[in-house]
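Descriptive analysis of the structure
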Amino acid sequence: MTPPIVELDDVHFAYPDGQHALDGVTLSFGAGERVAVLGPNGAGKSTLCLHLNGILRPQSGTVRIGGTEIDDSSLTEVRRRVGVVFQDPDDMLFMPTVAQDVAFGPANLGLDRDAVQRRVDSALQMVGMTHVRDRPPHHLSFGQRKRVAAAAVLAMEPDVLVLDEPSSNLDPRSRREFAEILDALPQTLVMVTHDLPYAWQLCHRAVIVDEGRVAGDGPIDHILADDALLDAHALELPEGFSLPTQR
Ligand SMILES: Nc1ncnc2c1ncn2[C@@H]1O[C@H](COP(=O)(O)OP(=O)(O)OP(=O)(O)O)[C@@H](O)[C@H]1O
Ligand SMILES: [Mg+2]
C-alpha cells in the first residue's frame, strides 16, 4: 500500500435543506491508486467527490490531502493537487470560449502565457476537442462539454483526478479513447460511475457508497463478482457482460 494521498475520517455532511448526504464516511486512497466509486442514485457519490477538494466541507470529520487537513489555509494548495470533474459540465464551463475555459485554471496557477498555452493545447488534444477550441462551450453538445470539462481539469495536472461519471453521454469511440487516456495517466484516479465495465477496465479497487455510507470496499474483481452485494446496492452488470477471468 502506497502512502495515502486522500484520507476521509468519519465525514458527515447534510445540505442546507437538511438532506443528509454523507453519514460517517471513512476512506483512504493511496497515491497512484485507481478507485471506482459505485452506488445507486442519491447515494452520496457526487457529494463525496465535492469534499475531495474542499468545494463542500464536512459538518464533522476531516478530509486530508497528502496528510494536510482541508481548511481555509490549505484550500489553494488542495485545489492545485486535486482536480474534480463535476457530474454536470455546465457547473464548470463559464468562459466565452473553450480555450479560455481550459486556460482558466492553469493561468490562476501563475504559469506564464506560453506554459498555459501548452497546457491548453495538450489537454484539448487529450480529449479530442482541439477543433472546438474557439467555440463558446454552451454551443457544444453535452458529450462535447463533458470532454471540455475534463480537459479543464487535466490542464491543471493535479496529483489526484476525481471524475464524476466520466463516460456518461460519451459516444462509444470517445468512451474508449477517454479510457485509454485515463489508463495512461500516472495520477491517483477516483472515478464515480454507473458504467461497471468501465470501472473494471480502469480501476483495481471499488468502493460502494449507499445512503451516505461505505457499503463495500475491496478489489474490483471481488466486488463485481459478489452478486448479493451488487444486488443489495442496485448495481447491475450489463446484460451479456461477464467478468473477464484475466485482464
Ligand atoms: N444541492 C443539494 N441540495 C440538497 N440535497 C442535495 C443536493 N445535492 C444532492 N442532494 C441530496 O443528497 C443526497 C446525495 O446526493 P448525491 O448527488 O451525492 O448522490 P449521487 O450518489 O451522486 O447520485 P447520482 O448517481 O444520481 O449522481 C441525495 O439524497 C440528494 O437528493
Ligand atoms: Mg452524482
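Coordinates for the structure precede this section.
Attention in this report is confined to the structure presented alongside it.

For the rest of this paragraph, the subject is empty space enclosed by the protein. All chains considered together, the criterion is met by two cavities of 30 Å³ or more. Lining the largest cavity, in full, are Val85, Lys146, Arg147, Ala150, Pro166, Leu170 and Phe178. Ranked by residues supplied to the lining of the largest cavity, first place goes to helix H5 (residues 142-154) with three residues. Each residue belonging to the lining of the largest cavity can be placed in one class, and the counts come to five nonpolar, no polar and two charged. Taken as a whole, the second largest cavity holds about 30 Å³ of empty space. Every residue lining the second largest cavity is listed: Arg34, Leu161, Leu182, Leu185, Gln187, Thr188 and Leu189.

The phi torsion at aspartate 10 lies on the positive side, around 50°, for a residue other than glycine. Its location among the elements puts aspartate 10 in strand S1 (residues 4-14). Classification of aspartate 10 by relative accessible area gives partly exposed; the value is 38%. Even without glycine at this site, alanine 234 takes up a positive phi of about 60°. By the secondary structure assignment, alanine 234 is in the segment after helix H9 (227-232).

Our next topic: the coordination of the magnesium ion (ligand 2). Metal coordination angles have textbook ideals: 109.5 degrees for a tetrahedral set of four donors and 90 or 180 degrees for an octahedral set of six. Around the magnesium ion (ligand 2), the protein contributes the donor atoms Ser46 (OG) and Gln87 (OE1), at 2.0 to 2.2 Å from the metal centre. Of this pair, serine 46 sits in helix H1 (residues 45-51) while glutamine 87 sits in the loop between strand S6 (82-85) and helix H3 (98-108), placing them 41 residues apart in sequence.

Tallied over the full model, the rule gives two aromatic pairs. Residues phenylalanine 13 and tyrosine 15 carry aromatic rings whose centres are separated by 4.9 Å and whose planes lie at 90° to one another, so their mutual orientation is edge-to-face. For phenylalanine 13, a relative accessible area of 6% gives the class buried. Between phenylalanine 94 and phenylalanine 104, the ring centres sit 5.3 Å apart and the planes meet at 80°, which makes this aromatic pair edge-to-face. Taken together, the residues phenylalanine 94 in the loop between S6 and H3 and phenylalanine 104 in helix H3 connect sequence positions 10 residues apart.

Cut-offs applied
- Residue numbers here run from 1 along each chain, matching the order of that chain's written sequence.
- Naming scheme: in the order in which they are written, chains are lettered from A and ligands are numbered from 1.
- Whole-chain, interface and lining totals are the exception, using all residues; otherwise, since this is a predicted model, local features are given only for residues with pLDDT of at least 70 and side-chain atom pairs are given and counted only at 80 or more.
- Derived side-chain values reflect all non-hydrogen atoms in the structure, with water molecules and hydrogen atoms excluded from consideration.
- Grid spacing is 1 Å over the protein atoms alone, the probe is 1.4 Å, and a cavity is where that probe fits but cannot get out, while a pocket is an open set with protein on both sides within 12 Å along at least five of seven lines and lining residues have an atom within 4 Å of a point.
- Grid points are joined across faces, edges and corners, and a volume is the space filled by probe spheres set on the points.
- Helix and strand labels come from DSSP, where a helix needs a run of H or I of at least four residues and a strand needs a run of E of at least two; each type is numbered from the N terminus.
- The classification used treats Ala, Val, Leu, Ile, Met, Phe, Trp, Tyr, Cys and Pro as nonpolar, Asp, Glu, Lys and Arg as charged, and all other residues, Gly among them, as polar.
- Classification of residues uses two cut-offs on accessible area relative to the type maximum, computed with a 1.4 Å probe and protein chains only: under 20% is buried, over 50% is exposed, and between them is partly exposed.
- Coordinating donors are taken as N, O and S atoms within 2.8 Å of the metal, stretched to 3.2 Å for Na, K and Ca; because water is absent from the atoms, sites can appear incomplete.
- The rule is short: rings of Phe, Tyr and Trp, with Trp giving its six-membered ring, pair when the centres are within 6.5 Å, and they are stacked under 30 degrees, edge-to-face over 60, tilted in between.

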